[in-house]
Amino acid sequence: MTGKKYIQLAQNLLQKKDKNKDSFEAEIRAALSRYYYGLLHCAIDKLIQINREEFESLKENLTNPIPDRSIHTSVISSVKSKNSIVGTSLDIARELRVLSDYHFDKLILKFPLKVKDKNFSSKDDILTFLNDVENKINRLQNKKDIGLRADIKGLDNLTNLLKLKKWKRKML
């Protein structure tokens, strides 16, 4: 069993067409829960791939939890240490799971649906978001492997500086 298999099951449930509204709400809730747990397992596997020594304990903590320490918080924090955007997205997926599993008084398919700072306007919007989180997790890498990066403003400044130096050389 893998996290990817949970994700595939969830995707199949989320792509179903609305037949019976009562059972459909239950299927969506189950799909969101399975999707999150699939993402959680994929994130653990990816972190171990990045740095086995640092993150292998996460796998152990699934079956032998540390008292007063949530595996969810541990994994999300570890993902945030590699990429804060991906970690925040995984945390939103966790909130969707909590809403699905515990808040039966709220309809999942009543839109707009706001989870943390993310707004969802349809079931397809939720599926697109979760698929994006999966893709981001798959692309996670060790920060030291990323190399030198520049933001757009920094890149623009560098380009302008190089043009200025080139212009000064021509003027000499």
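As a reminder, the structure under discussion sits directly above these lines.
Below, the structure is looked at part by part. Not measured: the values here are computed from a predicted model.

Counting across every chain of the model gives two aromatic pairs. Geometrically, the ring pair formed by Tyr36 and Tyr37 is edge-to-face, given 5.3 Å between the ring centres and 65° between the ring planes. Grouping residues by exposure puts Tyr36 and Tyr37 together as buried. Note on Phe120 and Phe129: the rings are 5.4 Å apart at their centroids and 75° apart in plane angle, and the pair reads as edge-to-face.

This paragraph deals with the environment of Gly3. Mapped onto the fold, Gly3 is located in helix H1 (residues 3-14). Spatially, the C-alpha atoms of Gly3 and His41 are 4.9 Å apart, while their sequence positions differ by 38 residues. When neighbours within four sequence positions are excluded, Gly3 is seen to be in contact with Gly38, His41 and Cys42.

This brings us to the pattern of salt bridges. Scanning the entire structure with this criterion turns up ten salt bridges. The salt bridge partner of Arg94 is Asp91, with a shortest N-O separation of 2.9 Å. Placement of both Arg94 and Asp91 in helix H5 (residues 84-102) is noted, with a separation of three residues, approximately one turn of the helix. Accessibility expressed as a relative area gives 10% for Asp91, which makes it buried. Residues Asp132 and Lys136 are paired through a salt bridge, measuring 3.2 Å at the closest nitrogen-oxygen approach. Here the residue Asp132 and the residue Lys136 both occupy positions in helix H6 (residues 123-139), the gap between them amounting to four residues, near one helical turn.

Thresholds, definitions, all that
- Residues numbered from 1 in each chain as written.
- Predicted model: local features only at pLDDT ≥ 70, side-chain atom pairs only at ≥ 80, totals over all residues.
- Heavy atoms only, no water.
- Phe/Tyr/Trp six-rings, centres within 6.5 Å; stacked < 30°, edge-to-face > 60°.
- Buried < 20%, exposed > 50% of the residue type's maximum accessible area, 1.4 Å probe, protein only.
- Helix = DSSP H or I, 4+ residues; strand = E, 2+ residues; numbered from the N terminus.
- Contact = heavy atoms within 4.5 Å.
- Salt bridge = Lys/Arg side-chain N within 4 Å of Asp/Glu carboxyl O.

That's the geometry; what it means functionally is another story.
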